Amino acid sequence: MVRLFGPLVGLFFAVALLWSFGNGAYNAATQPTPPSAEKLFHMHPKEVKFSFDGPFGTFDKAQLQRGFKVYQEVCSNCHSLKQVAFRDLTALGYNEAEVKAIAKNWGNKAQTFDPKTGDRGDRPNLPSDHFPPVYYAGQGVPPDLSLIAKSRHGGAQYIHSLLTGYVDQAGYKNEEGVELLKKFPDAKTPDGLYFNPYFANLNLAMPAPLVSDGQVAYNDGTQSTVDQMAMDVSAFLTWTAEPKLDKRKQTGWPVLGFLLAATVLAFLAKRNVWADKH
Amino acid sequence: MSFPWANEYKPTNPLMQWVDERLPLPRFVYNAVGAGYPVPRNLNYMWNFGVLAGFALVLQIVTGVVLAMHYAANDKVAFDSVEHIMRDVNWGWMLRYAHANGASMFFIVVYTHIFRGFFYSSYKAPREMIWLLGVVIFLLMMATAFMGYVLPWGQMSFWGAKVITGLFSAIPLVGTPLQEWLLGGFAPDNAALNRFFSLHFLLPFVILGVIILHVWALHIPGSSNPTGVEVKQESDTVPFHPYYTAKDGFGLGIFLLVYCALVFFAPNLLGHPDNYIPANPLSTPAHIVPEWYFWPFYAILRAFTSDFLFIPAKLMGVLAMFSAILVWFFLPWLDTSPVRSGHYRPLFRKFFYLLVVDVLVLGYCGGAPAEEPYVMISQIASMYYFLHFLVILPVVSSIETPAPLPFSITEAVLGKDEHATLAPATPAVA
């Protein structure tokens, strides 16, 4: 039975697939799909190096503090950071008093509700509070940034590329020298959106947030160029997405070392046990 | 059952004697995975993967049970509770990465285990039941892994659940009601998340039960081996302990090295970034893809792009995807060659390697966006997949001339076996 019906079932699926293949090939030959603007003009993130790259890389706390300052003064006007608590900032090298002050002076206050009176109000943030929600009145929904580095292909490199990748769409050419608006006149960025070839569909609702050198005044003497600010905030957002990165790699090395030693011993034990059987 | 020369359990420790007389559990373990189980002496490293799969299951159960202590299966808080585990639970990040990558490692070793079975025809008589139970385990694993991926309630969780339960809606007449019944609603929401959590917790223990049956069935004929020649005599076997416990110990070391390298240095390598975006029913991801271990079957599902003989393309895809695994159930009866091992089957071997490449191609296409040329490549690759099992294997079995087999496992290992010389005139080497 199996040997009778088996080949019939196999041929049934094969013919159905051939039919699909034929239709697909016919369509591809008669009405080839022209490549889209996204396909031709979307850019992969720039290859930039971060201190936390690779198996030995760790966060640079000074850079995280600078990145936090960029977040605080620029990004936090529109973007929340709800998975992160103020107390977590001690990992950036701030002491408890500094964290308390940062929480207390944070622009958006913590929401309160008094169940006795039904009154809603607010109070200054405490180190135990998470970063408060941000209410955004403009167009679009600014995403929460806590996990942005892990939720985009390319992570920190993507964030840096996006922040530094805004260009004028008029006359924009890709690496092959094809001019976008000549090839795709309909791809003109609509009003209220901004052109950025590092964004998946080339147009996003966020205007360039980092526009001039010195926009954020750094305390540690680092030149706050646009590129530097973008690097720093990308590093900071990698930390908010993966705060245990340093601890993870730090734990990994002794684990691998132990396992390597144990595996060598296991191999020698195996060879010893099998010595008379080969 | 075992071979007559199997060691008998003779405890010297009075406590073990006392236990063994009242409940022969030590004896049971000794006969199952101890010195009382004679195993062919020529097993290669491909035979490590059964033990590794069992280890991976235990790993998943241990990490999973602890994760369940901190996770909240509610669509309002599930995503945040996972982030709570990652940030605030002591070593929670390690548990979660260990669990997520543990699933990938589980599939890596199980796929290797299955393809070992294909190459050495481990499914052939008298081992059909081991094979059938193995396919059941694989189906249960797929269901468990799919439901586990839904739990973090990210974008891929949500849309994956929607696509996979949507497959049932392809069934004529009862499809849509069936899908709504499975989800507990019209789209994935809290009811679906809760039942997936419940089943995700339950199914691993069902898998454990079927594994016990799988190993039980294995101990009836005993392990197969790379020559495919059955055990004939005591010199063909060695006791499982210490020979294969030692070999498995080394294999486990390699497994753990790869696994820990993933967990500690590339924990998100095999995941999709979109699952770090909270589930949003109003925003469909550009490309919905399942986890890598489903990619070959996902490619088969998507290969059917045209209706065929009144059968809608979607239904064809669903039928084909399920058939791609169900066909394994019939393998013992499709491959009728009396020779087991691919080493002695020159023609079969070529098609086997073609199948390996074919499944890798399917996997690549399944992970790629549903556009040309990937769709056309997966159509060709799916065609080969079905033809391989249902047409090529039966034909190859009947036309192939196998290479001569060694007389015994002993001869295969040592080059000669004095039992092979029955009469002085017979040449010893076959």
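Just so it is clear, the model here is predicted, and its values are computed rather than measured.

A. Representation of the overall build of chain B. For chain B, the helix and strand inventory stands at 16 helices and two strands. Against the globule reference of 22 Å for 430 residues, chain B gives a C-alpha radius of gyration of 24 Å, in line with a compact fold. Its C-alpha atoms give chain B principal-axis dimensions of about 80 × 60 × 40 Å. Per-residue burial over chain B gives 54% buried out of 430 residues. The contacts in chain B between residues at least 6 apart in sequence include a share of 79% that link residues at least 24 apart. When the accessible surface of chain B is summed, it comes to about 18900 Å², and 73% of that surface belongs to carbon and sulfur atoms. Placing the 21 positive and 25 negative side-chain charges of chain B at their respective mean positions leaves the two points 4 Å apart.

B. Structural detail: the interface of chain A and chain B. If you look at the interface, chain A gives 55 residues, while chain B gives 64 residues. Counting each side, the surface lost to burial between chain A and chain B is near 5200 Å², with a carbon and sulfur contribution of 73%. Area buried by chain A at its contact with chain B is led by Phe13, Leu17 and Trp274 of chain A, which between them contribute 13% of it. Viewed at the interface, chain B and chain A are joined by three salt bridges. Note that Asp88 of chain B is salt-bridged to Arg87 of chain A, the shortest N-O span being 3.4 Å. At the boundary of chain A with chain B, the tally comes to 15 residue pairs in polar contact (both at pLDDT 80 or more).

C. Up close: the domain arrangement of chain B. All names here are of chain B. Partitioning chain B into domains gives domain 1 (30-280) and domain 2 (294-403). Buried surface at the junction of domain 1 and domain 2, both sides included, amounts to about 2900 Å², of which 75% is carbon and sulfur. For the domain 1 face of the interface with domain 2, the top three residues by lost area are Phe119, Lys124 and Leu167, together amounting to 23%. Seen at the junction of domain 1 and domain 2, the total is two salt bridges. Across the pair Asp335 and Lys124 runs a salt bridge, and its minimum N-O distance is 3.3 Å. Between the two partners, domain 1 and domain 2, sit 14 residue pairs in polar contact (both at pLDDT 80 or more). Contributing elements (two or more residues each) for the side of domain 1 that touches domain 2: helix 5 (92-119), helix 6 (128-150) and helix 7 (155-166). The dominant element in the side of domain 1 that touches domain 2, judged by the number of residues it contributes, is helix 6, at 10 residues. Of the residues contributing to the side of domain 1 that touches domain 2, the split by class is 25 nonpolar, five polar and four charged.

D. Spatial organisation of the pairing of strand 2 (residues 120-123) of chain A. The pairing of strand 1 (residues 110-113) of chain A with strand 2 of chain A spans four bridges and is classified as antiparallel. What sits directly across from Thr112 of chain A, in strand 2 of chain A, is Gly121 of chain A.

E. Main features of helix 3 (residues 61-73) of chain A. All names here are of chain A. A rise of 1.5 Å per residue sets the reference length of helix 3, with its 13 residues, at 18 Å; its end C-alpha atoms lie 18 Å apart and thus fit the reference within 8%. Every buried residue of helix 3 is listed here: Gln63, Leu64, Arg66, Gly67, Phe68, Lys69, Val70 and Tyr71. Packed against the buried residues of helix 3 are helix 4 (96-105) and helix 7 (226-241).

F. Inspection of the packing of aromatic side chains at higher detail. Residues and elements named next belong to chain A. Following the criterion strictly, the structure yields 65 aromatic pairs over all chains and no others. Centre to centre, the rings of Phe68 and Phe131 are 6.4 Å apart; their planes meet at 70°, and the pair counts as edge-to-face. Of this pair, Phe68 sits in helix 3 while Phe131 is found in the loop between strand 2 and helix 5 (155-164), placing the two residues 63 residues apart along the sequence. Classification of Phe131 by relative accessible area gives buried; the value is 4%.

G. A look at the pattern of salt bridges. Evaluated as defined, the whole model comprises 21 salt bridges over all chains. Here Glu371 of chain B makes a salt bridge to Lys39 of chain A, at a shortest N to O gap of 2.7 Å. Of this pair, Glu371 of chain B sits in the loop between helix 14 (346-367) and helix 15 (374-399) while Lys39 of chain A is found in helix 2 (residues 37-41), placing the two residues in two different chains. Note that Glu73 of chain A and Lys69 of chain A form a salt bridge whose closest N and O atoms lie 3.3 Å from each other. Of this pair, Glu73 of chain A and Lys69 of chain A both sit in helix 3, four residues apart, roughly one helical turn. The network of salt bridges with shared partners includes Lys124, Asp335, Arg345 and Glu400 of chain B.

Conventions we followed
Residues numbered from 1 in each chain as written. Chains lettered and ligands numbered in written order. Predicted model: local features only at pLDDT ≥ 70, side-chain atom pairs only at ≥ 80, totals over all residues. Heavy atoms only, no water. Helix = DSSP H or I, 4+ residues; strand = E, 2+ residues; numbered from the N terminus. Rg over C-alpha atoms; globule rule 2.2 N^0.38 Å. Buried < 20%, exposed > 50% of the residue type's maximum accessible area, 1.4 Å probe, protein only. Contact = heavy atoms within 4.5 Å. Areas by Shrake-Rupley, 256 points an atom, 1.4 Å probe, with all protein chains shown as cover. Lys, Arg positive; Asp, Glu negative; His and termini not counted. Charge placed at Lys NZ, Arg CZ, Asp CG, Glu CD. Buried area = accessible area lost by both parts, 1.4 Å probe. Salt bridge = Lys/Arg side-chain N within 4 Å of Asp/Glu carboxyl O. Polar contact = N/O pair within 3.5 Å; in protein donor to acceptor, adjacent residues only side chain to side chain. Domains from an automatic or database assignment. Nonpolar A, V, L, I, M, F, W, Y, C, P; charged D, E, K, R; others polar. Pairing = 2+ DSSP bridges. Expected span 1.5 Å × (residues − 1). Phe/Tyr/Trp six-rings, centres within 6.5 Å; stacked < 30°, edge-to-face > 60°.

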